[in-house]
Amino acid sequence: MRKLIGLIGLALLLASGAARAEGRVNVVASFSILADMVRNVGGDSVDVTALVGPDGDPHVYAPTPADAKKVAAARLLVVNGLGFEGWLPRLLEASGSKAPVTVATRGIMPRKMGGHDDPHAWQSVANAKIYVINIRDGLIAVAPDRADVFKANADVYLAKLEALDREVREAVAKIPQERRKVISTHGAFGYFADTYGVTFFSPLSVSTDAEPSARDIAAIIAQIKVAKIPAVFLENISDPRLIRQIASETGARVGGTLYSDSLTGENGDAPTYIDMVRHNIKALTSALAD
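Conventions used here
Residues numbered from 1 in each chain as written. Predicted model: local features only at pLDDT ≥ 70, side-chain atom pairs only at ≥ 80, totals over all residues. Heavy atoms only, no water. Helix = DSSP H or I, 4+ residues; strand = E, 2+ residues; numbered from the N terminus. Axes fitted to C-alpha atoms, helices over the stretch in contact; angles between N-to-C directions. Parallel < 35°, antiparallel > 145°, perpendicular 65-115°, else oblique. Contact = heavy atoms within 4.5 Å. Pairing = 2+ DSSP bridges.

Draft legend 1. Expanded view of unusual backbone geometry. Unlike most non-glycine residues, Asp55 shows phi in positive territory, near 60°. Positionally, Asp55 belongs in the loop between β2 (46-52) and α3 (65-73). We note that Leu82 has phi near 60°; this positive angle belongs to a residue other than glycine. Here Leu82 is to be found in the loop between β3 (76-79) and α4 (88-95).

So, in C-alpha cells, the structure goes:
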C-alpha cells in the first residue's frame, strides 16, 4: 500500500509539472541576448527559444524549416527591429505565424551609421531597460493573467540593470580620457560609445556581412597610428584574422574578446546580458587603463 501511495504521489507530481509546463508562454526570440532578457522578465512562466543561439551571428543567419515550425508554434515573437533581422519577413511568411511581434527597440531613438539605423541599441544599458519594458508589456498582452508576475520580475531586472549602468560609468571614469579609443571588428558599439564616452573604430560597418577593402584596412591602420589607439579587440561572432592583422601592423595591443551580437553558452564568459556587459567593460578597462 505504501508503495502504491508513493507511485500515486509521483504521478501527481509529474502531472502537475507537466501542467505548469503546458501553461507557460511559448516565446521565440530572434537572438540570444533577447532570449536572456525574456527569461529574466518571464521567469518560470515562459519557455524561450532563440533562433540565433549562443555565439551565432544574426547578421548572416539563414532561417531553416525547423525555425519556421518554432515560429509557427510561438505565442509571442520578440525581435530587435531597426533592420537587424533582415531575414524576418521571409521567415514569418514561411511560418504562417499569426503571433504578435514585440519589437524590443520600440521607443528608442536610433543612431545613424552609414545612412542606416544602427540596430545594436542593447549596447547601452539605458536602452536595455527600454527593451525590458517592451518585453514586459508584450508578455502581459498575451498572458494578462500573469501580469503581476511579469511586472515584479521586470522590476527586479530593471534594478539590476540600473546598478549595471552605474558600474559601467564608474569603470569608464577610471580610464584616462586620451586612452578611451579602441578598434573592434564591426560597428556594434556605437550606442556604448555615445552613452559612456569610449570611441570605437571598425573596419566593418554595422553588419558583419561586408568585406573590408584593402583601402579600408589601410585607412584603419593609419588611423591607429595617428590617433595612437592603444588596443584592438576581437569579437566572438567575427573572423579574428582581420583584427590580428591590424594589430601586427600597428603594434596595438589585442585587448581580448568583446561580445557584441551574441552571448556565449552557459560555460562561457558571457552567458547572460549582464555577464556580457561586465565582461566587456572589464576587458576594456584592463586594456585601456594602463
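Draft legend 2. The arrangement of the packing of helix α6 (residues 147-173) against helix α10 (residues 273-288) in detail. For the pair α6 and α10, the least separation of the axes is 10 Å and the interaxial angle reads 5°. Between α6 and α10, the interaxial angle falls into the category roughly parallel. Together, Tyr157, Lys160, Leu161, Leu164, Glu167, Val168, Ala171 and Val172 of α6 and Tyr273, Ile274, Val277, Arg278, Ile281 and Thr285 of α10 make up the contact between the two elements.

Draft legend 3. Fine view of the sheet that holds strand β4 (residues 101-103). If you trace the four strands from one edge of the open sheet to the other, you get β2-β1-β3-β4, paired in parallel fashion. Here the strands that pair on one side only, and so sit at the sheet edges, are β2 and β4. Within the sheet, the average angular offset between the axes of one strand and its neighbour, ignoring direction, is 25°.

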